[in-house]
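# Fold and geometry: a report
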Amino acid sequence: MHPSLPIDPDAAIDRDAAAHLLSWLVGNHLGAFTQGNAGLKLGSTVAAYDENAARLEGLSRLLWGVVPALAGGCSVPGVEAIIEGLANGTDPDHLAYWGEAGDMDQRLVEMAALAVFLREQPELLNRQMPQASRENLFRWLSRIQDARINPSNWRFFRILVIDALASLGWPVDRKALAEELDFIDSQYVSEGWYKDGAEVGRFDYYNSFAFHFYGLLYARWHTVDDPERSARYIERARTFALSYRHWFAEDGSAIAYGRSMTYRFGAAGFWGLLAEVGHPELSAGQLRGLWSRSMRWWLGQPIFDAEGRLTVGYAYPNLLMSEFYNSAQSPLWALKAFAPLSLPADHPFWSAEEEVDTPPALHAVAVSRQITWRSNGVAYLVAPPPKHREIRHVADKYAKFAYSSHHGFCVESLDWISSGFAGDNLLAFSRDGITWAFRTEIDEAVLEDGELKTVWSPFPGCRVTTRQRPSDAGELRESTIEADFSLQVLATGHAADLWVPPRSLQQVIESAGPSEERPAAEGFTLFSDLRDLDGRLKRRVLPCAPNTNLVHPHSAVPALLGSIPASRSLMRTYLTAGGRS
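The text that follows walks through the structure, step by step, so that each part is easy to find. Computed from a prediction, not measured in an experiment: that's the story for all the values here. (Residues numbered from 1 in each chain as written. Predicted model: local features only at pLDDT ≥ 70, side-chain atom pairs only at ≥ 80, totals over all residues. Heavy atoms only, no water.)

Along the backbone of the protein chain there are 15 helices and 17 strands. Taking 581 residues into account, the globule formula puts the C-alpha radius of gyration at 25 Å, and the protein chain, at 24 Å, falls close to it. Overall, the protein chain is about 75 × 50 × 45 Å in size when its C-alpha atoms are taken along their principal axes. Long-range pairs, those at least 24 residues apart, make up 71% of the contacts in the protein chain with a sequence separation of at least 6. Only carbon and sulfur atoms are counted for the fraction: they give 50% of the accessible area of the protein chain, which is about 20900 Å². In the protein chain, the 54 positive side-chain charges and the 70 negative ones have mean positions that sit 3 Å from each other. (Helix = DSSP H or I, 4+ residues; strand = E, 2+ residues; numbered from the N terminus. Rg over C-alpha atoms; globule rule 2.2 N^0.38 Å. Contact = heavy atoms within 4.5 Å. Areas by Shrake-Rupley, 256 points an atom, 1.4 Å probe, with all protein chains shown as cover. Lys, Arg positive; Asp, Glu negative; His and termini not counted. Charge placed at Lys NZ, Arg CZ, Asp CG, Glu CD.)

So, about the sheet that holds strand S5 (residues 378–382). Across the sheet, which stays open at both edges, the four strands sit in the order S3-S4-S5-S6 with antiparallel pairing between neighbours. Looking at which strands have only one partner, the edges of the open sheet turn out to be strand S3 (362–365) and strand S6 (403–404). Looking at chain direction, S3 and strand S4 (residues 370–375) are connected through four bridges and run antiparallel. Residue Leu362 lies in a different strand from S4, and its bridge partner there is Trp373. (Pairing = 2+ DSSP bridges.)

This part is about the nonpolar core. If you look at the biggest cluster of nonpolar residues, it comprises 146 residues, and the most contacted ones within it are Phe265, Trp271, Trp291 and Leu335. Take this core: its biggest share by element is 11 residues, from helix H9 (residues 206–222). Here Trp291 is in contact with Ile13, Ala18, Ala268, Trp271, Ala337, Pro340, Phe349 and Trp350, once residues within four sequence places are set aside. In this structure, Phe485, Ala491, Leu530 and Met571 belong to the second largest nonpolar core, which totals 24 residues. (Core = buried A, V, L, I, M, F, W, Y, C linked by side-chain atoms within 4.5 Å. Buried < 20%, exposed > 50% of the residue type's maximum accessible area, 1.4 Å probe, protein only.)

Given two aromatic rings, their pairing is described by the distance between the two centres and the angle made by the two planes. Per the counting criterion, the structure on display carries 47 aromatic pairs. On the basis of an interplanar angle of 85° and a centroid distance of 5.9 Å, the ring pair of Trp64 and Phe213 is categorised as edge-to-face. Here Trp64 is found in helix H2 (residues 51–71), whereas its partner Phe213 is found in helix H9, with 149 residues between them in sequence. The class of Trp64 is buried, set by a relative accessible area of 5%. Taking the relative accessible area as the measure of exposure, Phe213 reaches 3% and is therefore buried. Over the face of the ring belonging to Trp64 we find Lys336, whose NZ or CZ atom lies 4.5 Å from the ring centre. (Phe/Tyr/Trp six-rings, centres within 6.5 Å; stacked < 30°, edge-to-face > 60°. Lys NZ or Arg CZ within 6 Å of the ring centre and 35° of its normal.)

Attention now goes to the packing of helix H8 (residues 174–187) against helix H10 (residues 227–244). At a minimum axis distance of 13 Å, the contact between H8 and H10 shows a crossing angle of 30°. With respect to their mutual orientation, H8 and H10 come out roughly parallel. Crossing of H8 against H10: the hand is left-handed. Residues Leu181, Asp182, Ile184 and Asp185 of H8 touch H10, and the partners they reach there are Arg229, Arg232, Tyr233 and Arg236. In the contact of H8 with H10, the residues fall into three nonpolar, no polar and five charged. (Axes fitted to C-alpha atoms, helices over the stretch in contact; angles between N-to-C directions. Parallel < 35°, antiparallel > 145°, perpendicular 65-115°, else oblique. Left-handed = near helix turned anticlockwise from the far one by under 90°. Nonpolar A, V, L, I, M, F, W, Y, C, P; charged D, E, K, R; others polar.)

Here the focus is helix H1 (residues 15–29). For an α-helix the count is 3.6 residues per turn, leaving residues at separations of three or four pointing the same way. End to end, H1 covers 22 Å across 15 residues, agreeing with the expected 21 Å (1.5 Å per residue, within 8%). Across the 15 residues that make up H1, a large majority, 12, are buried. Restricting attention to buried positions, one finds in H1 the residues Arg15, Ala17, Ala18, Ala19, Leu21, Leu22, Ser23, Trp24, Leu25, Val26, Asn28 and His29. Looking at the buried side of H1, the elements it contacts are H2, helix H12 (284–299) and helix H13 (348–351). Its side-chain oxygen 3.3 Å from the backbone nitrogen of Asp16, Asp14 forms the N-cap of H1. (Expected span 1.5 Å × (residues − 1). Polar contact = N/O pair within 3.5 Å; in protein donor to acceptor, adjacent residues only side chain to side chain.)

What follows is the structure in structure tokens.
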């Protein structure tokens, strides 16, 4: 059941509508408060951390929407209950006590929202929380000062907490604060992008809803006493925006890529925070348009349960694509999207009319070696994968040849090929037709003159050099394969919203292929085609395993099937895809 939305999902979202939407969302979750209002319990599924941390997660993430609403003078339900929960959750003598945060603990993550609440609403906290409870809260937060935490965007959590405690006169380790601020600077590479992870170097949505989000908050608080750093954070965010705008399609949908996809419209919050400082090249109307179109697209997806609460998944409820760190409460990170509610009603972000954003057709980022472009109304991305294995379905989320806003990507892409199911944007190899391998890591990646070259090996004895050259018309993929033995090969393109009856791979190979005159995969709203420019491979359509695609529960991919000898082979394919007119 899809609940009735409180606003028209097809209309312009003004400030009153945004506030109404947030109040509806927060109100829908109030019935899920646990003992002492110290947390939320939204379902029976679990994450890798303990239940106390998971229920804290639900409470803290409500604050990402509540705090900017309060700052903007909006009325939000449940504030008193949240403050009571903060007091009880940090009281060691209360049955709802969250427990002390340990090293690498999820509690450290959730401290960030609490710190922003303290920094933005100290008077409210003083009025509604007794002094003894405030001291418990400050003492509990102080644990982050000496806890061991990930060398990644997590370091901003320590910055936010120390900064908040210092603003309230609580003793803090200013040396640790300075070290963490230096660490964040060390993660900045160039062109507006931070690398997330000292050794890993991911370039994904954590730039928008972590690094730049927290950096802009810091700049808001420290324009006077730390003007140089604040100016750096603002300038980096403005530079990043010129890349990030390419990640959104004409209808507001964003490229599905990387981890933490269940945070959904949280990726739009950056546009609201950026509007506070303005942009010399993007008008307030453009920023509002980027934000509003994204929010409208999400409101058109079945992402809420019958009670109007966010579910784990992406464009529909889906546990297959979730992370080890996703509890039933995790999707509330999306409330970061309500950051612009802190802006007054007469701010240009709210007073300007939405403007269409039409970025240049092709955008290349040298530092991340990523290319983004639009074709047939859809946003696309090609990128080399980071060196990282500690994420569920990491190859599906980062190592595919391409990603998009509308086609989604599939998980379990290689798991069911012998049964006739395949994932998107693969070049997979097999020696026995049962076990298949694609790229998971790369030996080399070079971006030059609009072409991405990657060198990779699916397994010992096979080395592949792939060159991808996208354009607004399609994408050329050219792979030079050096194999010590003969191999079966499977190449696929983008997924389309199409149901195809499953058959074994052998049956698919022996069957007739699609008409040469039309795209191989034609869905309800999308098409996708993959052509063998050398005419050696069989052209077919394969279903994706049900519920493995993030956007379409039923989906299918154009596929090329065949074999290559134990030698050097050249494989040239051309991919076209997009929305059906």
